Amino acid sequence: ILKGEALWSQGFSEPGAGSDLANIVTKGEIDGDHLVVNGQKMWTSIGLYSDYQELLVRVEPGSARHKGLAWVICDMKSPGIEVRPIKIMTNENQVNMVYYDNVRIPLSNMVGKVGDGWKVAMSTLSFERGTGFIGDQLALLEKVQAVIEMARKTRLESGRLAIDDDDIAYRLGRIKADTMAIRAMTLSAISEIQSRGAPGSEASIMKLLMTTTYKALSEVAVEVMGWQFFEYGDHRSTNPWTYQFLYSWVLTIAGGSSEIQREIIADRILNLPRAR
Ligand SMILES: Cc1cc2nc3c(=O)[nH]c(=O)nc-3n(C[C@H](O)[C@H](O)[C@H](O)COP(=O)(O)OP(=O)(O)OC[C@H]3O[C@@H](n4cnc5c(N)ncnc54)[C@H](O)[C@@H]3O)c2cc1C
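Residues numbered from 1 in each chain as written. Predicted model: local features only at pLDDT ≥ 70, side-chain atom pairs only at ≥ 80, totals over all residues. Heavy atoms only, no water.

1. Focus on the domain arrangement of the protein chain
When cut into domains, the protein chain gives domain 1 (8–114) and domain 2 (119–269). Computed over C-alpha atoms, the centres of domain 1 and domain 2 are 29 Å apart. Facing 13 residues of domain 1, the contacting portion of domain 2 comprises 17 residues. For the pair domain 1 and domain 2, the two sides together bury roughly 1,200 Å², of which 64% comes from carbon and sulfur. Its largest share of buried area at the contact with domain 2, domain 1 owes to Met 89, Thr 90 and Glu 92, together 41% of the area lost on that side. Our enumeration of links across domain 1 and domain 2 arrives at zero salt bridges. Counting across the domain 1 and domain 2 interface gives two residue pairs in polar contact (both at pLDDT 80 or more). Taken together, the residues that form the side of domain 1 that touches domain 2 break down as seven nonpolar, four polar and two charged. (Domains from an automatic or database assignment. Contact = heavy atoms within 4.5 Å. Buried area = accessible area lost by both parts, 1.4 Å probe. Salt bridge = Lys/Arg side-chain N within 4 Å of Asp/Glu carboxyl O. Polar contact = N/O pair within 3.5 Å; in protein donor to acceptor, adjacent residues only side chain to side chain. Nonpolar A, V, L, I, M, F, W, Y, C, P; charged D, E, K, R; others polar.)

2. Details of the pattern of salt bridges
Per the counting criterion, the structure on display carries 13 salt bridges. Its salt-bridge partner being Arg 152, residue Glu 149 comes within 2.8 Å of it at the nearest N-O pair. You can see Glu 149 and its partner Arg 152 sitting in helix H2 (residues 134–153), three residues apart, about one turn around the helix. If you follow the salt bridges from partner to partner, you end up with Asp 167, Arg 171 and Glu 223 in one network. (Helix = DSSP H or I, 4+ residues; strand = E, 2+ residues; numbered from the N terminus.)

3. Things to note about the side chain of Ser 126
For Ser 126, the position within the fold is in helix H1 (residues 117–129). What Ser 126 contacts, discounting residues up to four positions off in sequence, is Thr 131, Pro 199, Gly 200 and Ala 203.

4. Digging into the pairing of strand E3 (residues 34–45)
When strand E2 (residues 27–31) meets E3, the two strands line up antiparallel, connected through five bridges. In the strand pairing of E3, Lys 27 is matched with Asn 38. Connecting the antiparallel pair E2 and E3 is a turn made up of two residues, with Gly 32 showing a positive phi of about 65°. Where E3 lies against strand E7 (residues 95–106), nine bridges are found, and the strand directions are antiparallel. (Pairing = 2+ DSSP bridges.)

5. Description of the packing of aromatic side chains
Throughout the structure, instances matching the rule amount to three aromatic pairs. Measuring from centroid to centroid gives 5.4 Å for Trp 8 and Tyr 52, while their planes differ by 35°, and the two rings are tilted. Of this pair, Trp 8 sits in strand E1 (residues 8–11) while Tyr 52 is found in strand E4 (residues 52–58), placing the two residues 44 residues apart along the sequence. A residue is classified by how much of its surface remains accessible, and Trp 8, at 25% relative accessible area, is partly exposed. A residue is classified by how much of its surface remains accessible, and Tyr 52, at 32% relative accessible area, is partly exposed. Ring geometry for Tyr 214 and Tyr 247: centres 6.0 Å apart, planes at 75°, overall edge-to-face. Note that Tyr 214 is positioned in helix H4 (residues 203–225) and Tyr 247 in helix H5 (residues 240–251), a separation of 33 residues in sequence. This pair shows no difference in class: Tyr 214 is buried, exactly as Tyr 247 is. Through a chain of ring-to-ring contacts, the aromatic side chains of Tyr 214, Tyr 243 and Tyr 247 assemble into a single cluster. (Phe/Tyr/Trp six-rings, centres within 6.5 Å; stacked < 30°, edge-to-face > 60°. Buried < 20%, exposed > 50% of the residue type's maximum accessible area, 1.4 Å probe, protein only.)

Okay, structure coming up:
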């Protein structure tokens, strides 16, 4: 994974288990030294191209919620796997349905033991929400700078340069400050993870801040661009800013929705009383 030699996808979400991930039903039955998997995963990013998958399955018959799960490494070339792309609003085949029909996975591919699946999945999800977004975070700072440059050159309908509009200038300043804050948080999280060994719930703060900042930036870009914004072809390269706007919505769902990140922050970081 670190060398980038193999592409990995994540097989957690199912049609009835997204925010409520503990509801998964995809089954893994132990048969000798193999696990035989049957079921369906949904919204699997890069599923079509991935070499391996981190797959969460229910192994203990009759178990419910967080119990009886296992986290296994699934070779995506195994017989019995079918991947079907889902087209999303950016018009790309980025996410997929994955079907498993008697897929045999060696038990040696299990990370942890039967019953550890939830714990392992929460650990990999924390990486995804925190440090896993580093690429997007680095790109965000460049994008903020690009929108500032665009605002310096683009005139609004009123004839004023966009950067001379107080509201646009204020929002861009705020977004740049937030982006720097997210970067500082990520750096501090990386050093904490190094000493602690695994990320924690604070990854949800980074994911939420990153997502809201991305969205705020693409909203300013829309205002600066005016009607040109609506010229979107069939690929991100034809109008990158329109793509960014659509992608900013994707970020509020993928890796756990913003509402769920707020719940985690309220519950596990702020220790607020539970509504339910
Ligand atoms: C582009 C994209 C890529 C993805 N990639 C992957 C992937 O690679 N692997 C993978 O396993 N999954 C992936 N997902 C799935 C993603 O994790 C789920 O879509 C997400 O967790 C939401 O689940 P859901 O779609 O079932 O919506 P639901 O859980 O049905 O939620 C619907 C709405 O209700 C809200 N909601 C639900 N529960 C609560 C609550 N308790 N409190 C407040 N609000 C709530 C949600 O915030 C959301 O707005 C991806 C999704 C997208 C869009």
